[in-house]
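Listed here are the chains, written in short residue letters.
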Amino acid sequence: MASLISFEEALELADISSQEDISELVERAWAVRTDRFGDSTDMCSLVNAKSGGCAEDCGFCAQSRYAEADTPMHAMMEPDQILEHARAAEAAGAHRFCMVTQGQGLSKRDFAKIEAGAKLVAEQTNLKRCVSIGHISPDRARRLKDAGIQRVHHNVETARSYYEEVTTTVRYEGRMRTIDAVKDAGLETCVGGILNLGESPRQRVEMAFELSAVNPTSVPINLLNPRTGTKFGGRDLMDPWEVVKWVAIFRLIIPDALFRLCGGRVENLDELQPLAVKAGLNGVMMGNFLTTLGAEPADDRAMFEELGLNVARQEDNGANPRPDNRDGWLDGETPRTPVDELIDCQGEANFWDPSTQLRVIKKKQNPPPYPKAA
Ligand code: SF4
């Protein structure tokens, strides 16, 4: 996947700060996005199917046992609970649904529940199916494909050179092995990271070029939502114009990936979310995030429609790729489905809701200190 700018050019763009210069960069990124993807979009939504008490030490994550932060705690959901949240995602207008679990590996029993949940979502909704379940062996990747999963998410989180500041217990090499297993099984990859973990601008550019080398179908960009009690809980939010600038820079470095903005977008961008869409996004994560709340579906759809983008859900979403899938464009136009059949507010459907749906347990004992980077 050829980048449209060099590493040095990306560093120069990282230096710009005036709103005028960033607006100019946005126009450039918008042209690239529309050239590659036309008016199509790729909207997703998730369920945190197993949450809290994770053994790993990712410094941004409230689910880590090293974090002294409140987090939803629950064992693996049953397949029909997963289906219920998928139906909410579908009602909101999401095109795809991701089943996410904490940690880096599932027990046989929990993996079987993900397989059963995936089959139910495939049979009973018109959603494309994704999972994010940590490290995956080649055998499990094939089984996921057999269960109807089409895309697997596994972030690199940050630049290789900054990685050990972010986690010492989840190996970077293990991530790469999982991504290879997913590709070998013929599944699409969704690989991205989180901005504002303390990485330098150069390291942000490094991450973008490392992602470009991975060549994922989809790239989720998360923005740190500093949660009190986590390793990075004391950091400030990003300046919204900085976020927009970095979305545009990533778009120019990885022009053919499907970019989506996920965790932290509401807190970091606020009113500037539509400009971030213009800076090169193909979609956003609708509904709620793993441990924090998201936006209302009608507002998310409007952000894209106001730019002339088509958020319609295609009738055969589950069986065929929409034109948002760079692996193959369908013939003809993407039909527009009537949006008045969709819900406007989260309250109208049973979304995954980390704040009220499940018990939030305050950790009773002091968590262990975060391990130091080597
Ligand atoms: S990001 Fe995933 S692996 Fe890391 S602490 Fe959170 S739940 Fe665990």
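Our structure's up above, just so we're on the same page.
Because the structure is predicted, anything quoted here is derived from the model rather than measured. (Residues numbered from 1 in each chain as written. Predicted model: local features only at pLDDT ≥ 70, side-chain atom pairs only at ≥ 80, totals over all residues. Heavy atoms only, no water.)

**Regarding the overall build of the protein chain**
Then comes step 1: A count of helices and strands for the protein chain gives 12 helices and 11 strands.
Then comes step 2: Counting all 374 residues of the protein chain, 59% fall into the buried class.
Then comes step 3: Contacts in the protein chain between residues at least 24 apart in sequence constitute 78% of all its contacts with a sequence separation of at least 6.
Then comes step 4: Carbon and sulfur atoms make up 48% of the accessible area of the protein chain, which totals about 14800 Å². (Helix = DSSP H or I, 4+ residues; strand = E, 2+ residues; numbered from the N terminus. Buried < 20%, exposed > 50% of the residue type's maximum accessible area, 1.4 Å probe, protein only. Contact = heavy atoms within 4.5 Å. Areas by Shrake-Rupley, 256 points an atom, 1.4 Å probe, with all protein chains shown as cover.)

**Quick word on the packing of aromatic side chains**
Then comes step 1: Evaluated as defined, the whole model comprises 4 aromatic pairs.
Then comes step 2: Centroid distance Tyr163 to Tyr172: 5.0 Å. Interplanar angle 80 degrees. Geometry classified as edge-to-face.
Then comes step 3: Classification of Tyr172 by relative accessible area gives buried; the value is 9%.
Then comes step 4: One Lys or Arg, Arg65, reaches over the ring of Tyr66 and ends 4.8 Å from the middle of that ring. (Phe/Tyr/Trp six-rings, centres within 6.5 Å; stacked < 30°, edge-to-face > 60°. Lys NZ or Arg CZ within 6 Å of the ring centre and 35° of its normal.)

**Things to note about unusual backbone geometry**
Then comes step 1: Even without being a glycine, Asn196 presents a positive backbone phi close to 80 degrees.
Then comes step 2: Mapping Asn196 onto the fold places it in the loop between strand S7 (193-195) and helix H8 (201-214).
Then comes step 3: On the accessibility criterion, Asn196 (6% relative accessible area) is buried.
Then comes step 4: Of note in the backbone geometry, Asn215 takes a positive phi value of approximately 60 degrees without being a glycine.
Then comes step 5: Structurally, the position occupied by Asn215 is in the loop between H8 and strand S8 (218-223).

**Describing the site of the ligand**
Then comes step 1: With respect to spatial proximity, the complete set of residues near the ligand consists of Cys54, Glu56, Cys58, Phe60, Cys61, Ser64, Gln102, Gly103 and Gln104.
Then comes step 2: Looking at side-chain class alone, the shell around the ligand contains 4 nonpolar, 4 polar and 1 charged residues. (Near = heavy atom within 4 Å. Nonpolar A, V, L, I, M, F, W, Y, C, P; charged D, E, K, R; others polar.)

**Examining the side chain of Thr178**
Then comes step 1: Within the fold, Thr178 resides in helix H7 (residues 172-184).
Then comes step 2: Using a relative accessible area of 2% as the deciding quantity, one classes Thr178 as buried.
Then comes step 3: Thr178 has contacts with Gly134, His135, Ile136 and His154, leaving out every residue within four places of it along the chain.

**With respect to the packing of helix H1 (residues 7-14) against H8**
Then comes step 1: H8 packs onto H1 with a crossing angle of 135 degrees between their chain directions and a minimal axis gap of 10 Å. Regarding the angle of H1 to H8, the classification is oblique. The crossing of H1 and H8 is right-handed. On H8, the residues touching Phe7, Glu8, Ala10, Leu11 and Ala14 of H1 are Pro201, Arg202, Val205, Glu206 and Phe209.
Then comes step 2: A per-class count over the contact of H1 with H8 returns 7 nonpolar, no polar and 3 charged. (Axes fitted to C-alpha atoms, helices over the stretch in contact; angles between N-to-C directions. Parallel < 35°, antiparallel > 145°, perpendicular 65-115°, else oblique. Left-handed = near helix turned anticlockwise from the far one by under 90°.)

**Let's talk about the environment of Asp239**
Then comes step 1: In this structure, Asp239 sits in the loop between S8 and helix H9 (240-253).
Then comes step 2: The exposure class assigned to Asp239 is partly exposed, which follows from its relative accessible area of 42%.
Then comes step 3: Sequence spacing of Asp239 and Asn268 is 29 residues, and the spatial spacing of their C-alpha atoms is 7.0 Å.
Then comes step 4: A polar contact is formed between the side chain of Asp239 and the backbone nitrogen of Trp241, at a distance of 2.9 Å. (Polar contact = N/O pair within 3.5 Å; in protein donor to acceptor, adjacent residues only side chain to side chain.)

**Points about the packing of H1 against H9**
Any two packed helices are characterised by how steeply their axes cross, that is the angle between the axes, and by the distance between the axes.
Then comes step 1: Running from amino to carboxyl end, H1 crosses H9 at an angle of 170 degrees, the nearest separation of the two axes being 10 Å. Comparing the axis directions of H1 and H9 gives the class roughly antiparallel. Handedness of the crossing formed by H1 with H9: right-handed. Between H1, through Ala10, Leu13 and Ala14, and H9, the contact on the second element is made entirely by Lys245, Trp246, Ile249, Leu252 and Ile253.
Then comes step 2: Here the residues of the contact of H1 with H9 are counted per class, giving 7 nonpolar, no polar and 1 charged.

**Quick word on helix H12 (residues 297-305)**
Then comes step 1: For H12, every residue scored as buried is listed here: Pro297, Asp300, Arg301, Met303 and Phe304. Each buried residue of H12 lies within a common arc of 150 degrees when the element is viewed along its axis, so the set occupies one face.
Then comes step 2: Where H12 is buried, its residues contact helix H3 (79-92), helix H10 (265-269), helix H11 (273-278) and strand S10 (283-286). (Arc of directions from axis to C-beta.)

**Some details on helix H4 (residues 108-124)**
Residues three or four positions apart in an α-helix share a direction because the helix packs 3.6 residues into each turn.
Then comes step 1: With 17 residues, H4 should cover 24 Å at 1.5 Å per step; its first-to-last C-alpha distance of 24 Å lies within 8% of that length.
Then comes step 2: Listed in full, the buried residues belonging to H4 are Asp110, Phe111, Lys113, Ile114, Glu115, Gly117, Ala118 and Val121.
Then comes step 3: Residues of H4 that are buried sit in contact with strand S1 (44-50), H3, strand S3 (96-101), strand S4 (128-132) and helix H5 (138-146). (Expected span 1.5 Å × (residues − 1).)

**What to know about the pattern of salt bridges**
Then comes step 1: Under the definition given, this model contains 18 salt bridges.
Then comes step 2: One salt bridge connects Asp35 with Arg36, and the closest N-O pair in it is separated by 3.0 Å.
Then comes step 3: Overall, Arg36 belongs to the partly exposed group, its relative accessible area being 24%.
Then comes step 4: Arg175 serves as the salt-bridge partner of Glu157, at 3.9 Å between the closest nitrogen and oxygen. Placement of the pair is Glu157 in the loop between strand S5 (151-153) and helix H6 (163-166) and Arg175 in helix H7, with a sequence separation of 18 residues.
Then comes step 5: The buried category is assigned to Arg175, whose relative accessible area is 2%.
Then comes step 6: One salt-bridge network, held together by shared partners, links Asp42, Arg96, Arg151, Glu188 and Arg260. (Salt bridge = Lys/Arg side-chain N within 4 Å of Asp/Glu carboxyl O.)

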